[in-house]
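# Fold and contact review
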Amino acid sequence: MTAKLTAAERTAALAELTGWTVVPERDAIRKSFKFGDFVGAFGFMTRVALLAEKADHHPEWSNVYNRVEILLTTHDASGLSARDVALAKAIDALLG
């Protein structure tokens, strides 16, 4: 089972992420992405899907035309874990 981040680990991890915000009621992090069009957004989602599948850690997300909203939390830890932080970094690296 994956461990939930401690308060100190959470603070350190969030300091390393850009644009991700805390969702307290879900003990999760969220980020919105905007692209030039639907194809750009869908292509991004495809690349994220491949990362998520490889990591065996899947986001909650939605897509409306050129926007993608991603929420990361670890269900078996009942909150934010190192797996969420690692996936957030990998997602950001796709655009980096």
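Heads up: these notes are all about the structure in this document. Not measured: the values here are computed from a predicted model.

## A short note on the pattern of salt bridges
- Considering all chains together, one arrives at 6 salt bridges under this definition.
- For the salt bridge of D27 with R10, the shortest nitrogen-to-oxygen distance reads 2.8 Å. With D27 in the loop between β1 (21-23) and β2 (28-34) and R10 in helix α1 (residues 7-15), this residue pair connects regions lying 17 residues apart in the sequence.
- With relative accessibility at 18%, the residue R10 sits in the buried group.
- Ionic pairing is found between E16 and K89, a salt bridge with its closest N-O pair at 2.3 Å. Highlighted residues: E16 in the loop between α1 and β1 and K89 in helix α3 (residues 82-95), separated in sequence by 73 residues.

## A closer look at the side chain of S81
- With respect to the secondary-structure elements, S81 resides in the loop between β4 (67-72) and α3.
- In terms of polar contacts, S81 uses its side chain to reach the side chain of T74, at 2.6 Å.
- Not counting residues within four places of it along the chain, the set of residues in contact with S81 comprises T2, A3, L5 and T74.

## Some words on the packing of aromatic side chains
- One pass over the full model with this rule turns up 4 aromatic pairs.
- When the ring of W20 is compared with that of F33, the centres are 6.2 Å apart and the planes differ by 70 degrees; the resulting orientation is edge-to-face. Here W20 is found in the loop between α1 and β1, whereas its partner F33 is found in strand β2, with 13 residues between them in sequence. F33 matches W20 in its accessibility class, with the two residues each being buried.
- Ring plane angle 45 degrees and centroid distance 4.8 Å describe the contact between F33 and F44, whose orientation is recorded as tilted. You can see F33 sitting in strand β2 and its partner F44 sitting in helix α2 (residues 38-55), a full 11 residues away along the chain.
- Among the aromatic residues, those joined into a ring-pair cluster are W20, F33, F35 and F44.

## Some remarks on unusual backbone geometry
- A positive phi angle is found at D27, which is not glycine, with a value near 50 degrees.
- Looking at D27, the relative accessible area reads 14%, which means it is buried.
- Of note in the backbone geometry, Y65 takes a positive phi value of approximately 50 degrees without being a glycine.
- As for its placement among the helices and strands, Y65 is situated in the loop between β3 (60-64) and β4.

The rules behind these values
Residues numbered from 1 in each chain as written. Predicted model: local features only at pLDDT ≥ 70, side-chain atom pairs only at ≥ 80, totals over all residues. Heavy atoms only, no water. Salt bridge = Lys/Arg side-chain N within 4 Å of Asp/Glu carboxyl O. Helix = DSSP H or I, 4+ residues; strand = E, 2+ residues; numbered from the N terminus. Buried < 20%, exposed > 50% of the residue type's maximum accessible area, 1.4 Å probe, protein only. Polar contact = N/O pair within 3.5 Å; in protein donor to acceptor, adjacent residues only side chain to side chain. Contact = heavy atoms within 4.5 Å. Phe/Tyr/Trp six-rings, centres within 6.5 Å; stacked < 30°, edge-to-face > 60°.

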